[in-house]
Amino acid sequence: MRSNDTPPDVPLPPEPLWRPTRRGFLMALVACPAALCWGESALARKHHGSSPSLQTELELLLKRLERRGLIHRGEETSWSVFDFTTHTKLVSINEDVPRQAASMIKPFIAQAFFFAVENSNGKLRYTRRVRRTMERMIRRSDNLAADRMIRLISEHETHSGAQDVERILKRHAPGIFRQTRIVEEIPPNGRTYRNQASAHDYSRFLYALWDDRLPYADEVRDLMGLPNRDRISSGVKVIPASVGVYDKTGSTARLCGDMGIVDAPGRNGRSYPYIFVGIIERSSRAKDYGRWITRRSNAIRAVSTLVYLDMKRRHNLV
């Protein structure tokens, strides 16, 4: 799973600039979120030279998304992109701001369980039944399954419920879970707003997970890699089916997010993985949840499109 540190010898030639008419450009924005990225890419090159940073392009894209109504100006966002191949942080926007975790906290719950297993002297075991519960928790985002895992962990700690999950994580990996706060179980209706984590916490966790620095890292990766509809690659036309995604989404009427590792194959047969974290948060519940979550999900997909195209140019991806 570890990435190769040496960049490819033959970089992909720059993508041609897209220069549609204003009418054609606006029509394309409505039809395809990916077009937002091309518009911002061209704008960035116009104002910042021939090779703007990915962060510059993303910041310009976010302004475009605000104007299109896919992100409201009153909402806050966090973004993080890390390239394993070059060991470079390409995007860091509001990375250390704690935000609602929603269901993105569920891989943290799984990791807390594996820390507990490793330090239980055989009293706590990873059984097939537990595996099935974890699959429901992460793949299907089953809230009841998540609460079962929290209670199972707490039985072998101080019987303090969700707080025991946070306690274990910070005991064994304080450098990773710095802004993580886990204080409540997830109700059946999914209205969990008090658990928190930062985009930087997710990024550090994913880095350690990919680099096999956490117990049972292969199991957590396998769980996060089970097929599901995500916001990183699902509906993102520029990302081919050969790309692997290990992720967990989070959705409430106040938060839309996704965090994961994109394992992208290059034309030379090598793997070029990168971390992608995107979070959009509002202070109050959206009145029309369905419309709100759809538009914010599309905003994250537009950013994911931009990031993949940038990685494609860097590493000659398929």
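As a starting point, this report considers the structure included with it. (Residues numbered from 1 in each chain as written. Predicted model: local features only at pLDDT ≥ 70, side-chain atom pairs only at ≥ 80, totals over all residues. Heavy atoms only, no water.)

### Topic: the overall build of the chain
- Looking only at helices and strands, the chain has ten helices and seven strands in total.
- Here the chain holds 318 residues, and the buried ones make up 57% of them.
- A separation threshold of at least 6 residues defines the contact pool for the chain, and within that pool the share at least 24 residues apart is 65%.
- Split by element, the accessible area of the chain, about 14,200 Å² in all, is 46% carbon and sulfur. (Helix = DSSP H or I, 4+ residues; strand = E, 2+ residues; numbered from the N terminus. Buried < 20%, exposed > 50% of the residue type's maximum accessible area, 1.4 Å probe, protein only. Contact = heavy atoms within 4.5 Å. Areas by Shrake-Rupley, 256 points an atom, 1.4 Å probe, with all protein chains shown as cover.)

### Describing the packing of aromatic side chains
- Applying the stated criterion across every chain, the model contains 15 aromatic pairs.
- Judged by centre distance (5.5 Å) and plane angle (70°), the rings of F113 and F114 are edge-to-face.
- F113 sits in the buried class, given a relative accessible area of 0%.
- When the centroid spacing of 4.8 Å and the interplanar angle of 80° are considered together, the rings of F114 and Y126 count as edge-to-face. (Phe/Tyr/Trp six-rings, centres within 6.5 Å; stacked < 30°, edge-to-face > 60°.)

### A look at the packing of helix α4 (residues 106-118) against helix α6 (residues 143-155)
- Interhelical geometry of α4 versus α6 gives an angle of 30° and a closest axis separation of 10 Å. Judged on the interaxial angle alone, α6 and α4 are roughly parallel. For the crossing formed where α4 meets α6, the hand is left-handed. Taken together, the residues of α6 that come into contact with α4 (itself represented by K106, I109, A112 and F113) are N143, A146, M149, I150, L152 and I153.
- Partitioned by chemical class, the residues of the contact of α4 with α6 number eight nonpolar, one polar and one charged. (Axes fitted to C-alpha atoms, helices over the stretch in contact; angles between N-to-C directions. Parallel < 35°, antiparallel > 145°, perpendicular 65-115°, else oblique. Left-handed = near helix turned anticlockwise from the far one by under 90°. Nonpolar A, V, L, I, M, F, W, Y, C, P; charged D, E, K, R; others polar.)

### Structural notes on a positive patch on the surface
- Residues R128, R129, R132 and R148 make up a contiguous surface patch of positive charge.
- Here the positive patch takes three residues from helix α5 (residues 128-138), the largest share from any one element.
- Mapped onto the elements of the fold, R129 is located in helix α5.
- On the basis of relative accessibility, which here comes to 65%, the residue R129 falls in the exposed class. (Patch = residues over 30% accessible without salt bridge, like charges linked within 9 Å, V, L, I, M, F, W, Y side chains within 5 Å. Salt bridge = Lys/Arg side-chain N within 4 Å of Asp/Glu carboxyl O. Lys, Arg positive; Asp, Glu negative; His and termini not counted. Charge placed at Lys NZ, Arg CZ, Asp CG, Glu CD.)

### Looking at the side chain of S198
- Turning to its location among the elements, S198 is positioned in the loop between β4 (196-197) and α8 (199-210).
- A residue is classified by how much of its surface remains accessible, and S198, at 0% relative accessible area, is buried.
- Within the local environment of S198, its side chain forms a polar contact with the backbone oxygen of E95, the two atoms lying 3.5 Å apart.
- A polar contact of 2.6 Å, which involves the side chain of S198, links it to the side chain of Q179.
- Sequence-distant contacts of S198, defined by excluding residues within four places in its chain, comprise E95, D96, V97, P98, Q179 and R204. (Polar contact = N/O pair within 3.5 Å; in protein donor to acceptor, adjacent residues only side chain to side chain.)

### Description of the sheet that holds strand β5 (residues 244-252)
- Ordered in space as β2-β1-β7-β6-β5, the five strands form an open sheet in which the pairing is antiparallel. Of all strands in the sheet, those bounded by a partner on one side alone are β2 (88-93) and β5. Direction aside, neighbouring strands of the sheet carry axes that sit 5° apart on average. (Pairing = 2+ DSSP bridges.)

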